[in-house]
Amino acid sequence: MTIGGLVAAVVLGAAVGVLGRVAVPGRENMPAWLLMAVGVVAAFGGTGLVHLSSLGDGGWNLWEALFQIGLSVVAVVLVAAFWPKRTGRDP
């Protein structure tokens, strides 16, 4: 993975995490840092999948960006779906 790939994974993952917070209604109790971290980790996973499938050529390519965005979106949606709801009561 090149420096450009690392930067792209961090930027795309964080952006998808922030957009996921906006796109998933009713989940304001989820910390923004969690969604950004999930997006970044999933973006790194997307880069790994591209390299394992030999779609990447070592530089920036469209497949890597698509896999990073796609896996980040799926991961953010899954975390939002399984995050416990706040009941309004103190434990």
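Structure shown above.
Remember, predicted model here, so these are calculated numbers, not experimental data.

(A) Spotlight on the overall build of the protein. Across its full length, the protein carries three helices and zero strands. Mapped from its N terminus to its C terminus, the protein presents α and β elements in the order α-α-α. The burial tally for the protein puts 33% of its 91 residues in the buried class. Sequence-distant contacts, at least 24 apart, represent 69% of the contacts inside the protein between residues at least 6 apart. For the protein, the accessible surface area stands at approximately 5,800 Å², while carbon and sulfur atoms represent 74% of it.

(B) Layout of the environment of Ala65. The topology assignment puts Ala65 in helix 3 (residues 62–82). Relative accessible area serves as the criterion here: at 10%, Ala65 is assigned to the buried category. Put simply, Ala65 and Gly46 are 19 residues apart on the chain and 8.2 Å apart in space, counted from C-alpha to C-alpha.

(C) Local environment of a nonpolar patch on the surface. Among the surface-exposed residues, Ile3, Leu6, Val7, Val10, Val11 and Phe44 lie close enough to one another that they form a single nonpolar patch of about 500 Å² accessible area. Top element by residues in the nonpolar patch is helix 1 (residues 3–23). It accounts for five residues. Mapped onto the secondary structure, Val10 falls in helix 1.

(D) Expanded view of the packing of helix 2 (residues 32–52) against helix 3. At a minimum axis separation of 7 Å, helix 2 and helix 3 run at an interaxial angle of 140 degrees. The pairing of helix 2 with helix 3 is recorded here as oblique in orientation. Helix 3 is crossed by helix 2, and the crossing has right-handed handedness. Here Leu34, Leu35, Val38, Gly39, Ala42, Ala43, Gly45, Gly46, Thr47, Leu49, Val50 and His51 of helix 2 come into contact with helix 3, specifically with Trp63, Glu64, Phe67, Gln68, Leu71, Ser72, Ala75, Val76 and Val79. Among the residues forming the contact of helix 2 with helix 3, the class breakdown is 13 nonpolar, seven polar and one charged.

(E) Here's a closer look at the packing of aromatic side chains. Per the counting criterion, the structure on display carries one aromatic pair. Each ring, one from Trp63 and one from Phe67, has its centre 6.4 Å from the other, and the planes form 65 degrees; the classification is edge-to-face. Of this pair, Trp63 and Phe67 both sit in helix 3, four residues apart, roughly one helical turn.

Rules used throughout
- Residues numbered from 1 in each chain as written.
- Predicted model: local features only at pLDDT ≥ 70, side-chain atom pairs only at ≥ 80, totals over all residues.
- Heavy atoms only, no water.
- Helix = DSSP H or I, 4+ residues; strand = E, 2+ residues; numbered from the N terminus.
- Buried < 20%, exposed > 50% of the residue type's maximum accessible area, 1.4 Å probe, protein only.
- Contact = heavy atoms within 4.5 Å.
- Areas by Shrake-Rupley, 256 points an atom, 1.4 Å probe, with all protein chains shown as cover.
- Patch = residues over 30% accessible without salt bridge, like charges linked within 9 Å, V, L, I, M, F, W, Y side chains within 5 Å.
- Salt bridge = Lys/Arg side-chain N within 4 Å of Asp/Glu carboxyl O.
- Axes fitted to C-alpha atoms, helices over the stretch in contact; angles between N-to-C directions.
- Parallel < 35°, antiparallel > 145°, perpendicular 65-115°, else oblique.
- Left-handed = near helix turned anticlockwise from the far one by under 90°.
- Nonpolar A, V, L, I, M, F, W, Y, C, P; charged D, E, K, R; others polar.
- Phe/Tyr/Trp six-rings, centres within 6.5 Å; stacked < 30°, edge-to-face > 60°.

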